[in-house]
Amino acid sequence: MKGQPTLSFFIETYMAGTLKSGRVKSNVNLSKKKFAIVVAEWNEEITEALYEGALHSLIQHGVKKSNIIRKNVPGSFELTLGALREARKKNIDAVICLGCVIQGDTPHFDYICQAVAYGITEVTIKTEKPIIFGVLTTLNKKQAEERAGGKLGNKGEEAAITAIGMLIN
Ligand code: RBF
C-alpha cells in the first residue's frame with residue numbers, strides 16, 4: 001500500500017498519580033518534529049527536574065535530541081513571551097512551557113498563575129501550535145517535589161507526552 005507507514009507509539013503517563021499507558025498509531029514521524037522547551041528559572045531545582053523529565057520523554061518517544069531546543073526565562077510570568085518567540089519560528093512544531101509557582105504570603109501566586117495560563121492559551125490560539133502548560137502551581141515546595149520526579153511522577157514527562165499527543169492526532 002502507498003503512503004507513509006503507520007507508526008506505533010507507546011504512550012505512558014501519570015494522571016493524578018496513576019500510571020496510564022497505551023499504544024497509539026499515527027502516520028506522523030516524530031523524528032522530523034522540532035520541539036522548544038521553555039524553562040522558568042524560578043524554583044530552579046524543580047524546573048530542572050521537569051526539564052529532564054520532558055527531555056528524556058521526548059527522546060524516548062523517538063524525537064531527535066538535535067530537534068529539541070531549550071530556552072530559559074527568568075520566571076513563569078515570562079513563559080508567555082518565551083513561548084511566543086519559539087512558536088513564531090517556522091520550524092518549531094510544539095512548545096513545552098515548564099515552570100513552578102509556589103504560593104507565598106502575598107497574592108502574587110494568583111496573579112502569576114492566572115497570567116501564565118491565559119498567556120499560554122493566547123499563544124496557542126494565535127500561533128495554532130501546541131503550547132503545553134507544564135507549570136506546577138503548588139501550595140508548598142513539598143507538593144512541587146512530589147510532582148517533579150517524586151511520588152506523583154514528573155509533570156515534565158506528562159507535558160512532553162501531551163505535546164506528542166497533539167502532534168500525532
Ligand atoms: N516565578 C515563578 O516561576 N515561580 C514563583 O513561585 C514566583 N514567585 C514570585 C513571587 C514574587 C513575590 C514575585 C515578585 C515574583 C515571583 N516570580 C515567580 C517571578 C515572576 O514569574 C516574574 O519572573 C517576575 O514577576 C518578573 O516579571
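Residues numbered from 1 in each chain as written. Predicted model: local features only at pLDDT ≥ 70, side-chain atom pairs only at ≥ 80, totals over all residues. Heavy atoms only, no water.

Caption draft 1: Local environment of the pattern of salt bridges. Counted by the stated rule, this structure contains nine salt bridges. Between Glu-86 and Lys-89 there is a salt bridge; the shortest N-O distance is 2.9 Å. Judged by relative accessible area, Glu-86 falls into the buried class, the value being 3%. Among the residues examined, Lys-89 registers a relative accessible area of 31% and is labelled partly exposed. Linking Glu-122 and Lys-126 is a salt bridge whose minimum nitrogen-to-oxygen distance equals 3.4 Å. With Glu-122 and Lys-126 both in helix H3 (residues 108-127), this residue pair falls four residues apart, about one helical turn. (Salt bridge = Lys/Arg side-chain N within 4 Å of Asp/Glu carboxyl O. Buried < 20%, exposed > 50% of the residue type's maximum accessible area, 1.4 Å probe, protein only. Helix = DSSP H or I, 4+ residues; strand = E, 2+ residues; numbered from the N terminus.)

Caption draft 2: The packing of helix H2 (residues 79-87) against H3, seen in detail. Running from amino to carboxyl end, H2 crosses H3 at an angle of 15°, the nearest separation of the two axes being 9 Å. Taken together, the axes of H2 and H3 lie roughly parallel to each other. Our pair here, H2 against H3, has a crossing hand that is right-handed. In this structure, H2 contributes Leu-79, Thr-80, Ala-83, Leu-84 and Ala-87 to the contact, and H3 contributes Ala-115, Val-116, Gly-119, Ile-120, Val-123 and Thr-127. Considered class by class, the residues forming the contact of H2 with H3 number eight nonpolar, three polar and no charged. (Axes fitted to C-alpha atoms, helices over the stretch in contact; angles between N-to-C directions. Parallel < 35°, antiparallel > 145°, perpendicular 65-115°, else oblique. Left-handed = near helix turned anticlockwise from the far one by under 90°. Contact = heavy atoms within 4.5 Å. Nonpolar A, V, L, I, M, F, W, Y, C, P; charged D, E, K, R; others polar.)

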